[in-house]
Amino acid sequence: MRYLSLFQSLKLTDRKAQTITRQALAQYADKPTTYNHRLSTLRTMLKQAKIDGHIEVNWPQQMDELIKPEQTQDQRAAKYIPLEYYLKIRAALVDNFTHHGRKRNGEWLGRVCDLTYFMSCRPADAVELRDDAFDESGVLTYTTNKTDELVVIEDESGSLRETVMWFREWKKYNHTIHPRLILYPAFYEKRQAGRPVPVGFISRRFSKAVDDAGYKNKGWTLRMLRHTGITDELRHQGEGANKGAHRSALGQKPYRADKPVTKVKNTLKLVPDSSD
């Protein structure tokens, strides 16, 4: 609220706000990743401000991100987690989960990572997924946090449905009712139990599991499951698949009710390909 009061007191027009923001971001002109991260954070913050009725237009959506230097083949390959390695990381994540020194059921953590892989999305999009995003016909519909892109995934393999249904049963087991799909289990403290899980918590647990599985030197992180899922889906469906719902910088458009829909398929399963 302190920041909201500051914005309101400035009484900036959208154009002036954009100008001031561009001037502030100019210091990162030679650091595309940092520039884009700060711009994305501002978009997310003002997205909520628009929902709450404090502003009419999420004007950072009209600002282009900086183009990052193209990665080498070796750099791209380093982000890919082969499925047999992922399954070992997942096992370490599930088997080594403890809370206050007591071993607990860690399957829910493994399922969060599975969901990120099957959706081939940014981790926050999976962790913050609403329970009603998946319908009875096997279609998952969500809006990306970073680009506000509406994505519809047809669950051809059935793995998404199975994961979503597992979480719904997990919520029942924990006597939890909440719009979000992924929540802290009931054995957590009262201030956390049954409440949304921050993506940072899952990310830290995943990184620890990478170390526990013996792959510390690989540098794999939770967000690389998106890269892995997109790569695997391209192998299954060909170059026409846009599982990651990518947009070019010039394709960034202001918030609008008739924004285009990205329709894709999920063909992924957690079964290593014997042909590899």
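Use the structure listed above.
Let us look at the structure shown here. (Residues numbered from 1 in each chain as written. Predicted model: local features only at pLDDT ≥ 70, side-chain atom pairs only at ≥ 80, totals over all residues. Heavy atoms only, no water.)

## Here we look at the pairing of strand S4 (residues 150-155)
Part 1 of the reasoning: Across 5 bridges, strand S3 (residues 139-143) lies against S4 in antiparallel orientation. Across the sheet, residue Leu140 finds its bridge partner in S4, namely Ile153.
Part 2 of the reasoning: Between S3 and S4, which follow one another and run antiparallel, lie 6 residues, and Asp148 among them has a positive phi close to 60°. (Pairing = 2+ DSSP bridges. Helix = DSSP H or I, 4+ residues; strand = E, 2+ residues; numbered from the N terminus.)

## Some words on the pattern of salt bridges
Part 1 of the reasoning: Taken as a whole, this structure holds 11 salt bridges when the rule is applied.
Part 2 of the reasoning: Salt-bridge contacts for Glu65 lead to Arg43; the nearest nitrogen and oxygen are separated by 3.2 Å. Residue Glu65 is located in the loop between helix H3 (32-51) and helix H4 (73-78), and its partner Arg43 is located in helix H3; the two are separated by 22 residues in the primary sequence.
Part 3 of the reasoning: Of the residues examined, Glu65 reaches a relative accessible area of 17% and is grouped as buried.
Part 4 of the reasoning: Classification of Arg43 by relative accessible area gives buried; the value is 1%.
Part 5 of the reasoning: Of the charged contacts in the structure, one is a salt bridge between Arg168 and Asp131, with a shortest N-O distance of 2.7 Å. (Salt bridge = Lys/Arg side-chain N within 4 Å of Asp/Glu carboxyl O. Buried < 20%, exposed > 50% of the residue type's maximum accessible area, 1.4 Å probe, protein only.)

## Focus: the nonpolar core
Part 1 of the reasoning: Core analysis: the biggest nonpolar cluster contains 47 residues, and Trp108, Met119, Leu140, Ile202 and Phe206 have the highest contact counts within it.
Part 2 of the reasoning: Considering every element that reaches this core, the biggest residue donor is helix H6 (residues 107-119), with 8 residues.
Part 3 of the reasoning: One finds Leu39, Leu42, Trp59 and Met63 within the second-largest nonpolar core, a separate group that totals 10 residues. (Core = buried A, V, L, I, M, F, W, Y, C linked by side-chain atoms within 4.5 Å.)

## Things to note about the packing of H6 against helix H9 (residues 199-212)
Part 1 of the reasoning: Between H6 and H9, the shortest axis-to-axis distance is 11 Å and the interhelical angle comes to 100°. Between H6 and H9, the crossing angle belongs to the class labelled roughly perpendicular. Residue-level contacts link Trp108, Leu109, Val112 and Cys113 of H6 to Phe201, Ile202, Arg205 and Phe206 of H9.
Part 2 of the reasoning: Tallied by class, residues from the contact of H6 with H9 come to 7 nonpolar, no polar and 1 charged. (Axes fitted to C-alpha atoms, helices over the stretch in contact; angles between N-to-C directions. Parallel < 35°, antiparallel > 145°, perpendicular 65-115°, else oblique. Contact = heavy atoms within 4.5 Å. Nonpolar A, V, L, I, M, F, W, Y, C, P; charged D, E, K, R; others polar.)

## Points about the environment of Phe97
Part 1 of the reasoning: Along the chain, the position of Phe97 falls in the loop between helix H5 (83-95) and strand S1 (98-99).
Part 2 of the reasoning: According to the relative accessible area criterion, Phe97 is buried, its value standing at 0%.
Part 3 of the reasoning: A sequence separation of 12 residues divides Phe97 from Leu109, and the C-alpha atoms of the two residues are 8.6 Å apart.
Part 4 of the reasoning: Contacts of Phe97, omitting those with residues within four sequence positions, involve Arg102, Lys103, Arg104, Asn105, Gly106, Trp108, Leu109, Phe187, Tyr188 and Arg205.

## Here's the deal with the packing of aromatic side chains
Part 1 of the reasoning: The full count for this structure, using the stated rule, is 15 aromatic pairs.
Part 2 of the reasoning: Geometrically, the ring pair formed by Phe97 and Phe187 is tilted, given 6.2 Å between the ring centres and 45° between the ring planes. You can see Phe97 sitting in the loop between H5 and S1 and its partner Phe187 sitting in the loop between helix H8 (159-173) and H9, a full 90 residues away along the chain.
Part 3 of the reasoning: Consider the rings of Tyr188 and Phe201, whose centres lie 6.4 Å apart with planes at 80°: the pair is edge-to-face. Taken together, the positions of Tyr188 in the loop between H8 and H9 and Phe201 in helix H9 put the pair 13 residues apart, joining distant regions of the chain.
Part 4 of the reasoning: The rings of Phe97, Trp108, Tyr184, Phe187, Tyr188 and Phe201 are connected pair by pair, giving a single aromatic cluster.
Part 5 of the reasoning: Sitting over the face of the ring of Tyr28, Arg38 holds its NZ or CZ atom 4.6 Å from the ring centroid. (Phe/Tyr/Trp six-rings, centres within 6.5 Å; stacked < 30°, edge-to-face > 60°. Lys NZ or Arg CZ within 6 Å of the ring centre and 35° of its normal.)

Bear in mind that shape data such as this cannot, by itself, settle questions of function.
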